[in-house]
Each structure stands twice: as C-alpha cells, then as structure tokens.
Amino acid sequence: MPIVLRLAIFYASICLFMGIYLPYFPVWLTDKGFGPRDIALVLSGAMFLRIAVSPLLAFLADHWQDRRRLVLYLAWTAWAVVTLYIWADGFWPILLVSLLLMSLTPSIMPVAEAITVQAVKDNQIDYGRVRLWCSLAFMGASFAGGWLLTSRPPSVILVCMIAGIGVMVMGSHLLPTNVKPLRRKRVRGGQMAGAFQVARHPVFLLFLAASSLNQASHAVYYGFGTLNWQRLGYEESVIGLLWAVGVVAEIVLFAFSRPVIGRLGAVGLLILGAAGGVARWTLTAFSPPLATLFFVQILHALSFGATHLGAVLFVAQAAPSSLSTTAQSIYSAFAVGAMMGLAMLASGVLYAQSGASAYLVMAAMSAVSLGLALWLRARWDGAPLVEEFEESEAA
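This text gives an overview of the structure that appears in the document. Just so we're clear, the structure is a prediction, and the values are computed from it rather than from any experiment.

1. Quick word on the overall build of the protein chain
Then comes step 1: A count of helices and strands for the protein chain gives 16 helices and two strands.
Then comes step 2: Relative to a compact globule of 395 residues, whose C-alpha radius of gyration would be 21 Å, the protein chain shows 20 Å and is just as compact.
Then comes step 3: Overall, the C-alpha framework of the protein chain stretches about 65 × 45 × 35 Å when taken along its three principal axes.
Then comes step 4: Here the analysis covers contacts within the protein chain between residues at least 6 apart in sequence; of these, 87% occur between residues at least 24 apart.
Then comes step 5: On the protein chain, roughly 15200 Å² of surface is accessible, and the fraction owed to carbon and sulfur atoms is 68%.

Here is the structure:
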C-alpha cells in the first residue's frame, strides 16, 4: 500500500475519535451530572497530565528509533482504558479514567506528526493533503454525533468513543515501516542534552508562547461550545453542522497548503492564525445570528488550521531531525497541556459566570499571541536552532 494512503488512513482513524470526544464529551459529562466547573476540572486535569507524559514518550520514540511501535502500544492501551468508562460513575472515577485516556491518545499525534514529516522529507509528500483526512474524519464524526443525539440519549457518545478508538487501533497498524532510518544524524552531547538545548532556546520558547496561546484560546469553544449553542436553542443537528463547517474550512486550507506555506512560511502562518483567533472569538462572544455564526466558524481554518501548520513547519525547520518527535511533543505538551489546561480550567469559571462573553478572554489571548508571533518573525532567521552532525562525524 502506498505510504501516502497509509498515512491518510491513519490520520482519519485517529481524528474519528476526536470528532466525537471534543464536541460531545462535555455533553456526556453533563448527562452524568457534571456542572461547568466539574467539566473544566476533568478536561483540564487530563491536559495537565500530558505535560510530563507526552515528552517522555516522545523521547523514548526518538531513542528507540521505532516510532510506529510506540503508537501501537499507546493505541491499544487507550482502547483498554476508554472501556473503563462503562463502569466509572461519579466525579473521581470518571476523572481518573479521563486522566489515563488523555495521557495516551494526545501522545500519539506528536509521534505521528514526526513520522509524517519524515515521510514528507524523504518521499516529497504534500503534508496538507495527508493531514486533511484527519479533518475530514473529524467533520464526519462531529456531524454524525450531532445527528445521533437528536434521537438517542447522551450515553451513545460513550459507545462512539469506544468504537472510535477501536478504529484508531486498526489505523495504527497501517503506519508505514519503510521510512528511512530516523537517527541518521545526532546532536553534539547526546539526545538528552540536545532536547534540553532545544527546549530552553529563547526562539523556541518564544514560538511556544505564541503558538500555545492561540491554541489555548480554543478552550471555551472545546469545553463549552456545544453547551452554549444548546443554551441558545440550536438543535443538535445544527450544532453538528456548525462544528463541521469549521472543519471544512480547515480542510480547504490543508488541501491548498503547499502554496500557502510557500508564500507565508511558518511564522507567517502563526501570525495569520492569531489574527483569525482575535476575529473569531470576538464575534462569537456576541452570539451572532445563525447565518453569521456559520461564517464565523470558517475562521477555524485560521485560528486552528494556520496555527497548526505553522507550528508543525516551525518544528520541522528549527529542531534537529533526530529530535523531531521530542520537539513536536514539547510543543504539544505546552500548547495542549499546560496552556490549554490552564485556559480550560479558567473557562469553567468564565462560562459559568459570563456565558458566551467568556470568548472575549479567548480573543485577548489570541491578541497576545499575535504580538508574540510578530516578535518571533523579528527574532528567527529560519535556521535550525541546534546543530546536527552525521553519526560518523560526531563519533
């Protein structure tokens, strides 16, 4: 099977689960008797745990020189863990299962991104054309989830989550094994020293702050977007369409990402994403009419899509190839772990007190991200942050 097809199927399989989890897991938690603050604690607690877990697992992947094997371990373990929700009842059991599950499934994506970036370099693959299958699967799952909720109780969400991770397990077995060796080069001082060099580099820290703030600005949307639209009286099928429209816009960006990347570069995409976030969350805060809201959802292509592309491209260019998984995971842990966790924790209080006005805080986060991205453009010249040597030369 061609490597492009293998990667496309894998991305679709992993995002099928996320298309159910992100929009509808808070709905399932609400059905279990959780309030906004409890939901925020469950979601943020899971995000904080990955701060330590994801970089450690990614470092092991770089050290083992076998990223595919780690993905298989994580996927099978995640499937076993998600089934525990069947017996979990009450705040603490559900929190514990969520902590375990969200330390596993998010750790898969940075490893997969490193595999894909390597395949892009070695086989001249268009990253956006592969990644869009993730968005297509997310869109289909979010739309199907909304449709199911129109006629079935929220318990169907758990069934879909278990099935989604089962599909992820099958997709993980299709990950390519015929890529070139990962450790053709290494950094001076060894892998651990190189990881610390990257992580503490001022330019990398500036990148982390800029990208993470804009990604974390999605906290209210991910945690309470569906609940807020339900409060405004929208039917579940309409809510599913709203989620899907945002992902369609993201798909269009990924489909034409090559010329966009060539024109804007990594930092230009981060700037565009932050500007999109400012506009999107400001408009969403004022609960615009449905027709306008569909237009606002198109800005997901910028707030998430452009930011994601910019982040992946930055890591690919700024980090040594022998540490690409580690660098991707540090970004993921900081953006989706620390920053998103803090934002999600705050979003529970903000939404409980202010409703849709909580999006204004998210707009402010995107505005700060925009300023930092502009600063990053002035600081980084596009070169790798840490030197890398051929094994024979560094021996």
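2. Re the packing of aromatic side chains
Then comes step 1: For the structure shown, the criterion picks out 21 aromatic pairs.
Then comes step 2: On the numbers, 5.9 Å between centres and 35° between planes, the contact of Phe34 with Phe91 is tilted. Of this pair, Phe34 sits in the loop between α1 (3-31) and α2 (36-64) while Phe91 sits in helix α4 (residues 91-123), and the two are 57 residues apart along the sequence.
Then comes step 3: According to the relative accessible area criterion, Phe34 is buried, its value standing at 9%.
Then comes step 4: Ring centres 5.8 Å apart and planes at 45° place the aromatic pair Tyr221 and Trp281 in the tilted group.

3. Quick word on the state of the cysteines
Then comes step 1: With the rule as written, the count across this model stands at one disulfide.
Then comes step 2: Across a sulfur-sulfur distance of 1.6 Å, Cys15 and Cys134 are joined as a disulfide pair. Here Cys15 and Cys134 share a disulfide; its torsion about the S-S bond, -60°, makes the bridge left-handed. Within this pair, whereas Cys15 is found in helix α1, its partner Cys134 is found in helix α5 (residues 127-149), the two being separated by 119 residues in sequence.
Then comes step 3: Under the relative-accessibility criterion, Cys134 is labelled buried at 4%.
Then comes step 4: Lacking any disulfide linkage, Cys160 is separated from the closest cysteine sulfur, that of Cys15, by 16 Å.

4. Some remarks on the environment of Ala199
Then comes step 1: Here Ala199 shows up in helix α7 (residues 191-200).
Then comes step 2: On the accessibility criterion, Ala199 (25% relative accessible area) is partly exposed.
Then comes step 3: Along the sequence, Ala199 and Ser54 sit 145 residues apart, while their C-alpha atoms lie 14 Å from each other.
Then comes step 4: Residues in contact with Ala199, not counting those within four places in the same chain, are Phe204, Leu205 and Ile330.

5. What to know about the pattern of salt bridges
Then comes step 1: Taken as a whole, this structure holds three salt bridges when the rule is applied.
Then comes step 2: Its salt-bridge partner being Lys32, residue Asp89 comes within 3.8 Å of it at the nearest N-O pair. A residue pair is termed long-range when its members are at least 10 positions apart, and Asp89 in the loop between α3 (67-82) and α4 and Lys32 in the loop between α1 and α2 qualify at 57 residues.
Then comes step 3: Of the residues examined, Asp89 reaches a relative accessible area of 57% and is grouped as exposed.
Then comes step 4: With a relative accessible area of 32%, Lys32 lands in the partly exposed category.
Then comes step 5: For Arg258, the salt bridge is made with Asp126, and the minimal N-O distance between the two is 3.9 Å. Pair noted here: Arg258 is in helix α11 (residues 257-285) and Asp126 is in the loop between α4 and α5, with a separation of 132 residues, a long-range link.
Then comes step 6: The exposure class of Asp126 is buried, given its relative accessible area of 18%.

6. Considering the packing of α3 against α4
Then comes step 1: At their nearest, the axes of α3 and α4 sit 9 Å apart, and the two run at 155° to each other. With respect to α4, the axis of α3 lies roughly antiparallel. The interaxial crossing formed by α3 with α4 has left-handed handedness. Of α4, the residues touching α3 (which contributes Arg67, Arg68, Leu70, Val71, Leu74, Ala75, Thr77, Ala78, Val81 and Val82) are Val97, Leu100, Leu101, Leu104, Thr105, Ser107, Ile108, Val111, Ala114, Ile115 and Gln118.
Then comes step 2: Of the residues belonging to the contact of α3 with α4, the class tally is 15 nonpolar, four polar and two charged.

7. A look at unusual backbone geometry
One can expect most non-glycine residues to show negative phi and most peptide bonds to be in trans.
Then comes step 1: Non-glycine residue Ser287 carries a positive phi angle of around 45°.
Then comes step 2: Inspection of the secondary structure puts Ser287 in the loop between α11 and α12 (290-297).

8. Things to note about helix α13 (residues 300-318)
Then comes step 1: With 19 residues, α13 extends 26 Å between its outermost C-alpha atoms, agreeing within 8% with the 27 Å of an ideal straight helix rising 1.5 Å per residue.
Then comes step 2: For α13, the buried fraction is high: 16 of the 19 residues fall into the buried class.

9. What to know about helix α8 (residues 202-216)
Then comes step 1: End to end, α8 covers 21 Å across 15 residues, agreeing with the expected 21 Å (1.5 Å per residue, within 8%).
Then comes step 2: Counting buried residues along α8, twelve of its 15 residues qualify, which places the element largely inside the surrounding structure.
Then comes step 3: Those residues of α8 that sit buried are Val203, Phe204, Leu206, Phe207, Leu208, Ala210, Ser211, Ser212, Leu213, Asn214, Gln215 and Ala216.

10. Topic: a nonpolar patch on the surface
Then comes step 1: A cluster of nonpolar side chains, namely Leu84, Ile86, Trp87, Leu96 and Leu100, defines an oily patch on the protein surface of about 530 Å² accessible area.
Then comes step 2: Here Ile86 is to be found in the loop between α3 and α4.

11. Considering the nonpolar core
Then comes step 1: Grouped together as the largest cluster of nonpolar side chains are 133 residues, with contacts concentrated most on Tyr85, Leu101, Met161, Phe207 and Phe314.
Then comes step 2: By residue number, the principal contributor to this core is α1, which donates 16 residues.
Then comes step 3: With sequence-adjacent residues up to four places away left out, Tyr85 is seen in contact with Phe25, Trp28, Ile94, Val97, Ser98, Leu101, Leu158 and Met161.

Definitions and cut-offs
- Residues numbered from 1 in each chain as written.
- Predicted model: local features only at pLDDT ≥ 70, side-chain atom pairs only at ≥ 80, totals over all residues.
- Heavy atoms only, no water.
- Helix = DSSP H or I, 4+ residues; strand = E, 2+ residues; numbered from the N terminus.
- Rg over C-alpha atoms; globule rule 2.2 N^0.38 Å.
- Contact = heavy atoms within 4.5 Å.
- Areas by Shrake-Rupley, 256 points an atom, 1.4 Å probe, with all protein chains shown as cover.
- Phe/Tyr/Trp six-rings, centres within 6.5 Å; stacked < 30°, edge-to-face > 60°.
- Buried < 20%, exposed > 50% of the residue type's maximum accessible area, 1.4 Å probe, protein only.
- Disulfide = S-S within 2.5 Å.
- Salt bridge = Lys/Arg side-chain N within 4 Å of Asp/Glu carboxyl O.
- Axes fitted to C-alpha atoms, helices over the stretch in contact; angles between N-to-C directions.
- Parallel < 35°, antiparallel > 145°, perpendicular 65-115°, else oblique.
- Left-handed = near helix turned anticlockwise from the far one by under 90°.
- Nonpolar A, V, L, I, M, F, W, Y, C, P; charged D, E, K, R; others polar.
- Expected span 1.5 Å × (residues − 1).
- Patch = residues over 30% accessible without salt bridge, like charges linked within 9 Å, V, L, I, M, F, W, Y side chains within 5 Å.
- Core = buried A, V, L, I, M, F, W, Y, C linked by side-chain atoms within 4.5 Å.

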